[in-house]
Amino acid sequence: MTDRQGYHVDYDDAGSVTVTEGAARAPGAPVEDGMGCHAGAETMEAAARAAGKSDILDQYAADYPQGPHDKPQSMCPAFGSLRVGLRMRRTATVLSGSACCVYGLTFVSHFYGARRSVGYVPVDSETLVTGKLFEDIRESVHDLADPDRYDAIVVTNLCVPTASGVPLRLLPDEINGVRIIGIDVPGFGIPTHAEAKDVLAGAMLNYARKEIEAGPVQAPASGKTDRPTVALLGEMFPADPMMIGQMLDPLGLAAGPVVPAREWRELYAALASSAVAAIHPFYTASMREFSAAGRSIVGSAPVGVEGTHNWLAQIGDSFGLSADKITGAQNTFTLATKAALAANPIKGTVTLSGYEGSELLVARLLIESGAHVPYVGTACPKTEASAWDRDWLDAHGCKVVYRSSLEDDLAVVEGLRPDLAIGTTPVVQKAKELGVPSLYYTNLISARPLMGPAGAGSLAEVINAAMANGDRMGKMKAFFEGVGREDTAGVWEGDPNLRPDFRAAHQKKLDKQARAAKAAEMI
Ligand code: SF4
């Protein structure tokens, strides 16, 4: 892997780890790992448990509960943690997994402007079975660990290495002063990429908390504030932390760093904050670290008039501030928010679904702007930190579905035919087919401020412009009518060559397999 001369591999205790060795293959026999992406989540999970990963899988099951829908249809979860690492200064990221997974993940990272290389330790059946993969990973982090370039190296086990039990916990905690963070981010243990962000943020906070306990740590690059701070949990539009800072100012408080952080030392400043605002409510592992550091957690966010009023009260209470001080801040910012909402009304029915974690906040803002929002679906789980938003939406006639499936989201658009459907790519596609105006949540809604007076009017422009497209969508639908759909989509010179007999025969085969599997379960 390297042409360094005199390379020593006795850097740490991991060098003496006994790896499980597989039986030798017969010469010429095909290599079968039996555990690739095709193996299915249950098989992969069983393999991971057998390989000693039960603790971490149990922790994930507790932190990121599944159900009612087991697996929201979202992208590979590892994208979440990969993105968090790639956005952090002086942090290297290394993936270990199947080449196809790594290809997809690096492609998406660069699509979203990573501007940074993603390290990859190749995996094949031989290196997995012989334990060489762990040695390759260890060697790669030693190669990378240059303190002039990096504060931290994040190594991520994707599905196959996790299922094979590749023991990243045996990597050294630091090499040459560069922190080594090993995480398992399997698709069969973490439901969404949003929650994978928490896996890495939580692991980093855990590391930073232990550093703080061990002695003095680096001060924040921006200097220390003499006011108590509120750390902000969840990725948000860059103007939002500034707006939150303005709202905290009359309370004598300041906005702390945002976690996931952009720089290692921000983690210390976040842990030094007196309270934490769980703007995105699903960061369970991160909240655990803040709680362990003795910090109080405040749910919801200062969004809309009632949200701003409630949030300032909760923050004020958590700092034990006087009622006068809290009321003063509430009056200033709720009046300004009310005025901004009144100046930017939204009229019409909007359905909303997404996987970012801010869906409930956006739904609240739309309702306070005047929209009728009968449904909000989020791929994220039901958590305590979202309770206030959930109850508020419930009281305003909006059905909240956690872990919503694509089928839920599509059925709502089809059944309600809203004036605007906000959702993920397939929801937007379905809405277009129906001639319903639509907006992609991640690019067009997440990329706007939401907090306080600044957020109050920010959505109206894009939402009203999209809703005004109803006629145009109708014309487009009429224009494309009859071009075919599903297996008859496209331009055909003759009739499509449909073979319903093939389809029926294949369906029979599938039914037979399902019956056999059912029978096997009963044995
Ligand atoms: S790492 Fe797992 S979830 Fe991600 S693409 Fe690969 S098999 Fe799928």
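Residues numbered from 1 in each chain as written. Predicted model: local features only at pLDDT ≥ 70, side-chain atom pairs only at ≥ 80, totals over all residues.

## Side note on the overall build of the protein
Here is step 1: Along its length, the protein carries 22 helices and 14 strands.
Here is step 2: A globule of 523 residues ought to have a C-alpha radius of gyration of about 24 Å, and the protein, at 26 Å, matches this closely.
Here is step 3: Counting only C-alpha atoms and orienting by the principal axes, one finds that the protein spans roughly 75 × 75 × 45 Å.
Here is step 4: Put simply, the protein has 523 residues, and 46% of those count as buried.
Here is step 5: Sequence separation of at least 24 residues holds for 72% of the intrachain contacts in the protein that already meet a minimum separation of 6. (Helix = DSSP H or I, 4+ residues; strand = E, 2+ residues; numbered from the N terminus. Rg over C-alpha atoms; globule rule 2.2 N^0.38 Å. Buried ≥ 20, exposed ≤ 12 C-beta atoms within 10 Å, placed from the backbone. Contact = placed C-beta atoms within 7 Å.)

## What to know about the site of the ligand
Here is step 1: Neighbouring residues of the ligand: 10 residues in total, closest Cys76, Cys101, Leu158, Cys159 and Gly187.
Here is step 2: For the shell around the ligand, a count of residues per class yields 6 nonpolar, 4 polar and no charged. (Near = placed C-beta within 6 Å. Nonpolar A, V, L, I, M, F, W, Y, C, P; charged D, E, K, R; others polar.)

## Focus on the sheet that holds strand 13 (residues 420–423)
Two pairing modes exist for strands in a sheet, parallel and antiparallel, and in both the strands are linked by backbone hydrogen bonds.
Here is step 1: One open sheet accounts for 5 strands, arranged 12-11-10-13-14; its pairing is parallel. If you trace the sheet from one side to the other, it starts and ends with strand 12 (399–402) and strand 14 (438–440), each paired once. The sheet shows a mean angle of 10° between the axes of neighbouring strands, direction not considered.
Here is step 2: One ladder, built from 3 bridges, connects strand 13 with strand 14; its direction is parallel. Among the inter-strand pairings, Ala421 is bridged to a residue of strand 14, identified as Ser438.
Here is step 3: In the packing of helix 17 (residues 425–434) onto the sheet, contacts are made with strand 10 (349–354), strand 13 and strand 14, and the angle to strand 14 comes to roughly 160°. (Pairing = 2+ DSSP bridges. Axes fitted to C-alpha atoms, helices over the stretch in contact; angles between N-to-C directions.)

## Re helix 11 (residues 284–292)
Here is step 1: When we look at burial in helix 11, the residues that qualify are Thr284, Ala285, Ser286, Met287, Glu289 and Phe290.
Here is step 2: Looking at the buried side of helix 11, the elements it contacts are helix 2 (54–63), helix 8 (193–214), strand 6 (229–233), strand 7 (254–259), strand 8 (275–277) and strand 9 (296–298).
Here is step 3: Just downstream of helix 11 lies Gly294, where phi reads positive at about 85°.

## Some thoughts on helix 16 (residues 406–416)
Here is step 1: The set of residues buried in helix 16 consists of Asp409, Leu410, Val412 and Val413. Viewed along the axis of helix 16, the buried residues span an arc of 155°, placing them on a single side of the element. Counted as exposed and oriented over 90 degrees from the buried face of helix 16: Glu407 and Gly415.
Here is step 2: Just downstream of helix 16 lies Arg417, where phi reads positive at about 45°. (Arc of directions from axis to C-beta.)

## Considerations on the domain arrangement of the protein
Here is step 1: Entries for the protein in the domain assignment read domain 1 (36–191), domain 2 (229–338) and domain 3 (344–479).
Here is step 2: Domain 2 and domain 3 are separated by 25 Å when their C-alpha centres are compared.
Here is step 3: Elements with a minimum of two residues in the side of domain 2 that touches domain 3: helix 9 (239–248), helix 12 (304–318) and helix 13 (323–343).
Here is step 4: By residue number, the principal contributor to the side of domain 2 that touches domain 3 is helix 12, which donates 6 residues.
Here is step 5: Residue composition of the side of domain 2 that touches domain 3, grouped by class: 15 nonpolar, 10 polar and 2 charged. (Domains from an automatic or database assignment.)

## With respect to the pairing of strand 7
Here is step 1: With 5 of 6 residues buried, strand 7 is to be regarded as a mostly interior element.
Here is step 2: In terms of strand pairing, strand 6 meets strand 7 through 4 bridges, oriented parallel. By the bridge assignment for strand 7, Val230 is matched with Ala255.
Here is step 3: In this region the chain leaves strand 6, passes through helix 9 and returns to the parallel neighbour strand 7; the handedness of that crossover is right-handed. (Right-handed = clockwise from strand over helix to strand, strands pointing away.)

## Details of the packing of helix 3 (residues 78–86) against helix 8
Here is step 1: It is at 6 Å that the axes of helix 3 and helix 8 come closest, and there the two elements cross at 45°. Taken together, the axes of helix 3 and helix 8 are oblique relative to one another. Seen along the crossing, helix 3 lies across helix 8 with a hand that is right-handed. Two secondary-structure elements touch here, helix 3 through Ala78, Phe79, Gly80, Ser81, Val84 and Gly85 and helix 8 through His193, Ala194, Glu195, Ala196, Lys197, Val199, Leu200 and Ala201.
Here is step 2: Residue composition of the contact of helix 3 with helix 8, by class: 8 nonpolar, 4 polar and 2 charged. (Parallel < 35°, antiparallel > 145°, perpendicular 65-115°, else oblique. Left-handed = near helix turned anticlockwise from the far one by under 90°.)

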